[in-house]
Amino acid sequence: MWCCSSHSVTTPDATAPLVVEALREWRGWLEDLAERFAALVPPENTPASSTDRWYWERACTRLVTVVADRTQAESSWYGHCMQVLQWFLASNGIDEGQAQQIVKNAVGGRFDSWIAPDAPVVDAVSSRFATGMGDFR
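Structure report, in brief. None of these values were measured; they are calculated from a predicted model.

1. Side note on helix H4 (residues 77-91)
With 15 residues, H4 extends 21 Å from end C-alpha to end C-alpha; this agrees with the ideal 21 Å at 1.5 Å per step. Of the positions making up H4, those classed as buried are Trp77, His80, Cys81, Val84, Leu85, Phe88 and Leu89. On its buried face, H4 is in contact with helix H2 (12-40), helix H3 (53-71), helix H5 (96-107) and helix H6 (119-135). With its phi angle positive at about 85°, Gly93 sits one or two positions after the end of H4.

Structure, rendered in structure tokens:
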């Protein structure tokens, strides 16, 4: 399993299979996210600003939960979580800068390394995420 350069890079013969496996794992994760994004997308032809906040709360809750699980809430897992939420917004046509602001306002210091968020924290973040989408114009 790939850890980091200092632990994973040794000889070419030992490192190459680790790199290949890490790339396969990353591709699988991206494909999984693409499927999740498609399943969580708000109804077709509905502008992001007018979509019922339930869709946004549900999407955020599910994405935060899957990222925490996938990363085992290890060191700085929340950085990748924020990235995934921004990717989800981008896949729904939200400008990169606006997506960053929505996610920053929603998450902003509410997650910690090595600690999976409990349900009330996820609920609060998801609510703020949906509120941010409601403010989107």
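Text resumes after the structure shown.
2. A word on the environment of Trp26
With respect to the helices and strands, the residue Trp26 is situated in helix H2. We classify Trp26 as partly exposed; its relative accessible area is 40%. Each C-alpha atom, one on Trp26 and one on Gly108, is 26 Å from the other, the two residues being 82 residues apart in sequence. Every residue in contact with Trp26, bar those within four places of it in the chain, is listed here: His80 and Trp87.

3. A look at H6
The terminal C-alpha atoms of H6, which comprises 17 residues, lie 24 Å apart, in line with the 24 Å expected from a rise of 1.5 Å per residue. For H6, the elements touching its buried residues are H3, H4 and H5.

4. Some details on the packing of H4 against H5
Orientation of H4 relative to H5, taken along the N-to-C sense of each, is 135°, at an axis distance of 9 Å. One finds that H4 runs oblique with respect to H5. The crossing of H4 and H5 is right-handed. When H4 is examined against H5, the residues Met82, Leu85, Gln86 and Leu89 are found in contact with a partner set consisting of Ala99, Gln100, Ile102, Val103, Lys104 and Val107.

Cut-offs and rules
Residues numbered from 1 in each chain as written. Predicted model: local features only at pLDDT ≥ 70, side-chain atom pairs only at ≥ 80, totals over all residues. Heavy atoms only, no water. Helix = DSSP H or I, 4+ residues; strand = E, 2+ residues; numbered from the N terminus. Expected span 1.5 Å × (residues − 1). Buried < 20%, exposed > 50% of the residue type's maximum accessible area, 1.4 Å probe, protein only. Contact = heavy atoms within 4.5 Å. Axes fitted to C-alpha atoms, helices over the stretch in contact; angles between N-to-C directions. Parallel < 35°, antiparallel > 145°, perpendicular 65-115°, else oblique. Left-handed = near helix turned anticlockwise from the far one by under 90°.

Interpretation in functional terms is not warranted from these geometric data alone.
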